[in-house]
Amino acid sequence: MIAFPAKVAAARAAAGLSRRAGAGGGTSLPGKLLLRMAPDAISRLSSRISGGVVVVSATNGKTTTAKMLAAMLEPERRLCRNAAGANLGSGVASALIACRDADLGVFEVDEAALEDVAPALGPRVLGLGNLFRDQLDRYGELELVAARWRRISASGPWRLVRNADDPLVAGLPGGDDALAYGIDDPSVALPELPHAADSKWCGACGSRLRYDAVYLGHLGAWACPACGNARPRLDVAATSVEFDGLDGTDITLRTPLGERRLRMPLPGLYNVYNALAAVAMACALGEVTLERMTAGLEVFGPAFGRFERVSIGGREAVLVLSKNPAGANEVIRTLAHDPAPKRLVVALNDRIADGRDVSWIWDVDFELLAGGVQSVWTSGTRAAEMAVRLKYAGVDPDLVRVEPDLAAALDAAVASGTGPAYVLTTYTAMLELRGALTRRGVVPPYWEAA
Amino acid sequence: MTDLTVCHLYPEHLNIYADRGNIAVLRYRCERRGIGFTVAGCGPGDPLPEADLYYLGGGQDRDQVAVSEDLAGKAGALRTAVAGGAAVLAVCGGYQLLGHGYRGHAGDEMPGTGLVDLMTEAGPKRMIGNITIRCELDQGDPHTVVGFENHAGRTHLGAGVEPLGRVLHGNGNNGSDRGEGVRAGRVIGTYIHGPLLPKNPWLADWLVRASLERRHGEIHLDPLDDALELEAHRVAERIAASS
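Residues numbered from 1 in each chain as written. Chains lettered and ligands numbered in written order. Predicted model: local features only at pLDDT ≥ 70, side-chain atom pairs only at ≥ 80, totals over all residues.

Draft legend 1. Main features of the sheet that holds strand S11 (residues 258–264) of chain A. All names here are of chain A. Read from one edge to the other, the open sheet built from nine strands follows the order S2-S3-S1-S4-S5-S6-S9-S10-S11, with strand pairing classed as mixed. Edge positions in the sheet fall to strand S2 (79–81) and S11, since each of these pairs with one other strand and no more. Between one strand and the next, the sheet's axes are offset by a mean angle of 15°, whatever the strand orientation. Across seven bridges, the pairing between strand S10 (residues 248–255) and S11 is antiparallel. Bridged to Thr249 within S11 is Met264. Contacts from helix H11 (residues 290–298) reach S10 and S11 within the one sheet, and its direction differs from that of S11 by about 15°. (Pairing = 2+ DSSP bridges. Helix = DSSP H or I, 4+ residues; strand = E, 2+ residues; numbered from the N terminus. Axes fitted to C-alpha atoms, helices over the stretch in contact; angles between N-to-C directions. Contact = placed C-beta atoms within 7 Å.)

Take a look at the structure:
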């Protein structure tokens, strides 16, 4: 019988080997090994973190929200995080193996893995952000994930933080101390529910929901006209949202601790939701001042591949992860804030971590980009398929080139003009791209970048 | 002017696998040829409108159950429309609803339209993955159809009912008899999404011709530049063969 510390040491050694062998940063492998030797490793290691653990889950925004929360906490706390986005049990365990003296844990957890991982982590605060259709071949229907979340949110002693604007999340069972966040500014609302909206029906009675404001996908100020079920009162809210193109966003933050006007150096309404989630979770922790929250958001640099700017031979490329309809639609809406015609690379991979099924690209409103394209390179394992999608979205086929090799597509796009090239990629394409850029010394490896 | 009218059944409920891609392809291929194209949605409680083509997509289980009773009530009108020459394209969950019904794990039954003699029952494991089939809708003109399947249902065709094609890679109707989908006159049902039509432009054109026949007789369609579509088709075929 090998003692637990020896198992941890063995798994830790495997991380070093993996990194030296060039097989990645050991963000999943050590945890996988340890969990095989000690299935209860997550709860044993996390219980040693003196200040407890915070968990965030969502379809979109997990990595950014966790990073924002970390930026608020980091000046005063030693954090243990799965910062590189490895968010299954193996990734969480790997992060726990890697940090020895943390006094607070901040973990993002995959929405489908939450039911297994959250009870093991036993968080003080559980933040649940949003549920969108994503990788139907892997996660199954949205309803199945929502049912898992209902079970998990009803079961724990933790303080629940939930997105009031998502009808699938707002009604999750939580205690009296649960906090709700949302946007309160109809001036940034969409004219109607977008095509890819996932939740149009009341969770309580099945009637069609009424929206006084739709902010993003099916998120908004919703109410059921039949049974009275409605968006709960907002404990944390953003009002007076103003976009400054792709450079930043000004918001007024309303919290139980007071109100502040602040500027985030990030574009897009989805980042407002990420900021609100981070603030609400900080409020739920109860030991962070409003000044620290604001300061964390104001200095915030994007998580890797989220409107991340890199310089390639003196020219700029902006890397944007877009991996499911709701996320990609927000990326496109955000790009449209800047009306200048753009050079784009759109990379579509169909590996397991992307979802083998690529039909989701037809639920993305690429039509919004059609008039704003200078030239576009489609890339990835399904490069031609992506080109077909753009053709039917109304992008002039003469402006579209199919280049399955992502590094070659990037170089061509960057070299073909001044001004930034925007690179939209699925998850594994982003990892490949960063691998290529790391080898050129353009960006640090992904396990150090986040 | 030649024109094609499509009735999109339950667009609010049955749209999970990017069904609007199929509609977009039909529209594009008509409009490029100067053929007028109109789509009308038809939801629960609405009377079934006259149309050249009826489209039924796939939905989450809950949404599929929500519309199945309503659709069963429209079955008579749909049968009359098909007898009058209308075409039908039904994908995934919509395909299951073409038949007599769906028997769930717990023995629960969801009614179908009975438009085609086929029955579906829940299987032990979802069949998920890339799929290629070979079909010959017009004799002497074989094609492959590529796409993605994701279904728990096992569909069995009645005696003498023809599948849409034979599975080359993937599972198809039930994973055992190598049949995929159904073809009965101008009625096509299939588990293949992806969506179905963008990568299979010949099938889109077959549907356009079949749908136009009712009011316009036999129509010649000028060829379009399908270089990108055919490249996407080749890539999908290669990926299905290697997975």
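Draft legend 2. The pairing of strand S8 (residues 219–223) of chain A, seen in detail. Residues and elements named next belong to chain A. Among the five residues that make up S8, four are buried, leaving the element largely enclosed by the rest of the structure. As judged from the five bridges shared by strand S7 (residues 210–216) and S8, these two strands associate in the antiparallel manner. Looking at S8, one finds that Tyr211 is bridged to Trp222. Counting the residues in the hairpin turn of S7 and S8 gives two residues, including Gly217, whose phi is positive at 55°. (Buried ≥ 20, exposed ≤ 12 C-beta atoms within 10 Å, placed from the backbone.)

Draft legend 3. Layout of the sheet that holds strand S11 (residues 182–184) of chain B. All names here are of chain B. The strand order across the open sheet formed by six strands is S2-S1-S3-S4-S12-S11, and the pairing between neighbours is mixed. This sheet does not close on itself; its edge strands, each paired only once, are strand S2 (36–42) and S11. Averaged over all adjacent pairs, the angle separating strand axes in this sheet is 15°, with direction ignored. Pairing analysis gives three bridges linking S11 to strand S12 (residues 187–190), with the strands arranged antiparallel. Directly across from Arg183, in S12, lies its bridge partner Ile188. Seen against the sheet, helix H4 (residues 201–216) touches strand S1 (3–9), strand S3 (53–56) and strand S4 (87–91) and runs at an angle of roughly 140° to S4.

Keep in mind that these numbers describe shape and distance, not what the molecule does.
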